[in-house]
Amino acid sequence: MGMRNPRLPLLPGYGSNRLIGKKGFGVRPIFTSVDKVNMLVDKAADTNRVPSFYARKQAPELPTWIMYDKNILRFQGYYQESLHEMRSAIRVVHKLDIFFFLEDGTIKVMEPRTDNSGFSQGTLITRQRIRLPHSYDLYYDILDLNVGRDVTFYGKIIKIINCDHYTRYFLNRLGINVPDPIPWPDSLDRAPSTGKPPKHRPFRQFLDHDREVLRFFGYWDDRETQFGTVHNLEIHYFLADDTMEIKEKLPPNSGVEAAPMFLKRMRLPRKIPPHVEMTGGPKHPSYSPADLSVGAVLNVFGRKVVLTDCDPFTKEFYRVTYGFDNFNPLPTPEDRGVCLSANMAERKLPPWNGYGSYEDSAENCRTVEPKAPHRDFIKFLHKDRVGFDSHILRFAARLISDNSVDGRRYFIVLYYLCDDTISVYELGERNSGFLGGKFFRRNKMYLPDVDFFVSKEPPAYTDKDMWIGNELVINKHRFRLTAADEYALRYMELHANEYPMANIALIMDKIRRALVSEENGYKNFVAKYMEAVVPDNKELMSVKCFKQALKEIMCEKMTEHEFITIIRHFRGDPGKEESHRREMIRSLVFTELTRGLWDDRDRLREGLLHADEMGLGALPLSRMRQLLLAHRLPINTDLMDCMLEMLSKDENCNIFYEDLMKFLDFQTRPVVNLSDAEFAKAVRHAPPLKDVECKFWAEQEMIIKEGYVNWNAFLCQLNLEHVVKS
């Protein structure tokens, strides 16, 4: 044999089983599949023009069971089985898949499973080496399997008609020509025709059309009779045995007792027989698929059932079988008689006794078996907490009371948008006599001065009632909302169409109408407060002076929340606000790092310098995030993104890592203490509230009380210069 290509390893062989014929006895040498394939490999190597990396006979030898692991040749074939018990067919064709495993030369034969075939299908021959017929020492190998050949496996003659793409490519590489695929024969080899019409074969029909059902929709108009109505029906036609069943679809709470079936499954005759045949007699013609179509009228034992529509499977069946293309649905007549479901009296529940929640008491009155009240699940999906987006509006509140001690108490009111509930927490101060913590548990808070013990649920507070300056009566305690956190203000501004107090367009219209209603109102307003601008910057005005100017022209027509909305919209010192936000993020990061006991800034600096190969002093955002995660900073992803957003960047949006080290330097650059020391002191004694929320509160109060407003931008948006010119 010639030299084989070292890049094509040998197939697994059975060299120890090779029989060498003795000269003179007429016995030819016996080669296994390995020897034959190796010959073909050597032949293919002579025509292979691609040079090998290794010299001949110097390629690394690997076990063939590794080289050809999971390499399988797949052929398709069939064998025929004679049918002696059927007159209509002589034999049946069994389609097979033949698998040849290259790693050890074994063969596996499977017959794909077919529904209602009547044969035991699946694995026909388990994986094994199969001997050639009339031989005890020769086995089928790769050269014996090819398209167009007949092989005999345990007495069954199998015709190979096709192979997959991998098998065809593999055999072509070995120099074996693979013929074109051969078409499949008919499943049944029919007997010669006798000239008689084909006999109806129910079993054949069952095998071909089992679990195929034509589904129509229709109605039966029974309004001519007393108390009659239009019955909506669903018609099922079973192609397996030409039977039909009809179900009636009743609307909920119709007051009609639902029967199991409108018509049980049976062959529906086209005409009502003159008399009922007990036994024997000719069979009456029944409905067939050709009689059914959209618009057809069925005679269901004297009831005229009109078909109005069908499902997609039925449309496709009629399009393929009968060539129908028109499936326009027909309208169902309206029942203008007495509609039981529409005129049902609304159930009146007994008055609420005050025990438990109203929803729970109402649900126990509706059903005998106690059930949990149903929540607004759609609202819960849209308004539930998602990451930092909590969908909780937080407001600071003071207790309105004649007692001066109660007037100094500080409360936090939380409104949950997912279920419209309210909870109240108190920030207890040390040595005040109040422990702080939960003041009211989370529940629905109903409006004051309403009758609670009624059948219908009394009106409750909604998110439209949550605005700064409003007063809430919760369990006979009157609270005034004095401030809101950044999230609540921002959420209301983003959804300004739902919250008028945060709609800057509506607020500016209100101010514009107030200035135009008075003669020379806008002119006097501008002239009076033009001198109150900052001397260094003529465009800015202090928040205190701006608020005084608005109160003078609006009087009591503007709420505290609307003032805050205008101040936030026309903020004139964004740099200071940005610095406050940076310090707030630093305090949050400091809290998380202290909690996680992380103090490895030197190693982080070393990693940043090592990553900056060009010495530019800046790294991309993705690389910076990767390094922070590699150094195990105990902060979540959202907080890390907020921190990276605060850092300085170059023109390519690369982050300066020196700014990051200054941001994390809490020893020489400690976090800024909150401006309201008493508030921070009270916050530390409020277990139900997190430190993150408390820092938000202090930051919000500091921003609102201080700063400047862009006076020129405010006058420009008023757009009343034409009043002065006129």
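Residues numbered from 1 in each chain as written. Predicted model: local features only at pLDDT ≥ 70, side-chain atom pairs only at ≥ 80, totals over all residues. Heavy atoms only, no water.

- As annotated in an unreviewed UniProt entry, the protein carries the name EF-hand domain-containing family member C2 and is attributed to Papilio xuthus.
- The Subcellular location (unreviewed entry) field of the UniProt record for the protein holds the comment "Cytoplasm, Cytoskeleton, Cilium axoneme". (UniProt positions renumbered as here; feature names shortened; annotations may be inferred.)

### Comments concerning the overall build of the protein
Piece 1. A tally of helices and strands in the protein yields 22 helices and 23 strands.
Piece 2. For the protein, the accessible surface area stands at approximately 44800 Å², while carbon and sulfur atoms represent 53% of it. (Helix = DSSP H or I, 4+ residues; strand = E, 2+ residues; numbered from the N terminus. Areas by Shrake-Rupley, 256 points an atom, 1.4 Å probe, with all protein chains shown as cover.)

### Comments concerning the packing of aromatic side chains
Piece 1. One pass over the full model with this rule turns up 24 aromatic pairs.
Piece 2. Ring centres of Tyr68 and Phe170 lie 6.4 Å apart, and the angle between their planes is 90°; this geometry places the pair in the edge-to-face category. Taken together, the residues Tyr68 in the loop between helix 2 (64–67) and strand 1 (72–82) and Phe170 in helix 3 (residues 165–173) connect sequence positions 102 residues apart. Here the two residues Tyr68 and Phe170 agree in accessibility, since each one is buried.
Piece 3. Connected via pairs of aromatic rings, a cluster forms that spans Phe216, Phe317, Tyr318, Tyr322 and Phe324.
Piece 4. Over the face of the ring belonging to Trp184 we find Lys95, whose NZ or CZ atom lies 5.0 Å from the ring centre. (Phe/Tyr/Trp six-rings, centres within 6.5 Å; stacked < 30°, edge-to-face > 60°. Buried < 20%, exposed > 50% of the residue type's maximum accessible area, 1.4 Å probe, protein only. Lys NZ or Arg CZ within 6 Å of the ring centre and 35° of its normal.)

### Considerations on a nonpolar patch on the surface
Piece 1. A cluster of nonpolar side chains, namely Phe377, Ile378 and Leu381, defines an oily patch on the protein surface of about 330 Å² accessible area.
Piece 2. Mapped onto the elements, Ile378 comes out in helix 7 (residues 377–383).
Piece 3. The exposed category is assigned to Ile378, whose relative accessible area is 53%. (Patch = residues over 30% accessible without salt bridge, like charges linked within 9 Å, V, L, I, M, F, W, Y side chains within 5 Å. Salt bridge = Lys/Arg side-chain N within 4 Å of Asp/Glu carboxyl O.)

### Side note on the sheet that holds strand 11 (residues 263–266)
Piece 1. Sheet architecture is open: six strands sit in the order 11-10-9-8-13-12, paired in antiparallel fashion. What marks the edges here is a single partner per strand, and that holds for strand 11 and strand 12 (297–300). This sheet shows a mean twist of 30° between the axes of neighbouring strands, independent of strand direction.
Piece 2. Judged from the six bridges that link them, strand 9 (residues 230–238) and strand 10 (residues 243–248) form a sheet pairing that is antiparallel. Across the sheet, the residue bridging to Leu233 is Glu248, located in strand 10.
Piece 3. Lying on the sheet, helix 5 (residues 312–321) is in contact with strand 8 (213–221) and strand 13 (303–310); it crosses strand 8 at an angle near 110°. (Pairing = 2+ DSSP bridges. Axes fitted to C-alpha atoms, helices over the stretch in contact; angles between N-to-C directions. Contact = heavy atoms within 4.5 Å.)

### A closer look at the packing of helix 10 (residues 504–517) against helix 12 (residues 543–554)
Piece 1. Packing of helix 10 against helix 12 leaves a shortest axis separation of 10 Å and a crossing angle of 60°. Between helix 10 and helix 12, the interaxial angle falls into the category oblique. The chirality of how helix 10 crosses helix 12 is left-handed. Residue-level inspection shows Lys510, Ile511, Ala514 and Leu515 of helix 10 in contact with helix 12, the latter providing Leu550, Ile553 and Met554. (Parallel < 35°, antiparallel > 145°, perpendicular 65-115°, else oblique. Left-handed = near helix turned anticlockwise from the far one by under 90°.)

### Let's talk about helix 17 (residues 637–646)
Piece 1. Considered for burial, the residues of helix 17 that qualify are Leu639, Met640, Met643, Leu644 and Met646. What you see down the axis of helix 17 is that its buried residues fit within an arc of 155°, all on one side. (Arc of directions from axis to C-beta.)

### Let's talk about the confidence of the model for the protein
Detailed reading of the predicted model is not advised wherever pLDDT is low.
Piece 1. Per-residue confidence for the protein averages 79 on the pLDDT scale, and 79% of its residues sit at or above 70.
Piece 2. Note on residues 1–34: pLDDT is under 50 here. Beyond four places in sequence and across chains, it has 74 contacts.
Piece 3. Under a pLDDT of 50 for its full length, residues 43–54 has, in the predicted model, 16 contacts with residues more than four places off or in other chains. (pLDDT = per-residue confidence, 0-100.)

### Description of the pattern of salt bridges
Piece 1. Inspection of the entire model under this criterion finds 29 salt bridges.
Piece 2. Between Glu234 and Arg215 there is a salt bridge whose closest N-O contact spans 3.1 Å. Of this pair, Glu234 sits in strand 9 while Arg215 sits in strand 8, and the two are 19 residues apart along the sequence.
Piece 3. For Glu234, a relative accessible area of 12% gives the class buried.
Piece 4. The exposure class assigned to Arg215 is partly exposed, which follows from its relative accessible area of 31%.
Piece 5. Between Arg319 and Glu316 there is a salt bridge whose closest N-O contact spans 2.9 Å. Here Arg319 pairs with Glu316, and both are found in helix 5, just three residues apart, close to one helical turn.
Piece 6. Residue class for Glu316 comes out partly exposed when judged on its relative accessible area of 40%.
Piece 7. Within the structure, one salt-bridge network assembled from shared partners comprises Glu103, Asp104 and Arg127.

### So, the sheet that holds strand 17 (residues 437–443)
Piece 1. Read from one edge of the open sheet, six strands run 17-16-15-14-19-18, paired in antiparallel fashion. Either end of the sheet is taken by a strand with one partner, and the two such strands are strand 17 and strand 18 (471–474). Along the sheet, successive strands turn relative to each other by an average axial angle of 30°, direction set aside.
Piece 2. One ladder, built from seven bridges, connects strand 14 (residues 392–399) with strand 15 (residues 410–416); its direction is antiparallel. Each residue of the ladder has a partner; that of Ala397, found in strand 15, is Phe411.
Piece 3. Each of strand 14 and strand 19 (477–484) touches helix 9 (residues 486–494); the most contacted strand, strand 14, lies at about 120° to it.

### A few points about the pairing of strand 5 (residues 150–153)
Note on strand geometry: in a regular strand, side chains alternate between the two faces of the sheet.
Piece 1. Where burial is concerned, the two faces of strand 5 differ: the one with Val151 and Phe153 is buried and the one with Asp150 and Thr152 is not.
Piece 2. Sheet analysis places strand 5 next to strand 6 (residues 156–163), joined by four bridges and oriented antiparallel. Its bridge partner lying in strand 6, Phe153 is registered against Lys156.
Piece 3. The hairpin formed by strand 5 and strand 6 contains two residues between the paired strands, and Tyr154 there has a positive phi angle of roughly 50°.

### A short note on unusual backbone geometry
Piece 1. For Lys476, which is not glycine, the phi dihedral falls at a positive 65°.
Piece 2. With respect to the helices and strands, the residue Lys476 is situated in the loop between strand 18 and strand 19.
Piece 3. Backbone geometry at Arg632 places phi at a positive 60°, although glycine is not the residue there.
Piece 4. Along the polypeptide, Arg632 turns up in the loop between helix 16 (621–630) and helix 17.

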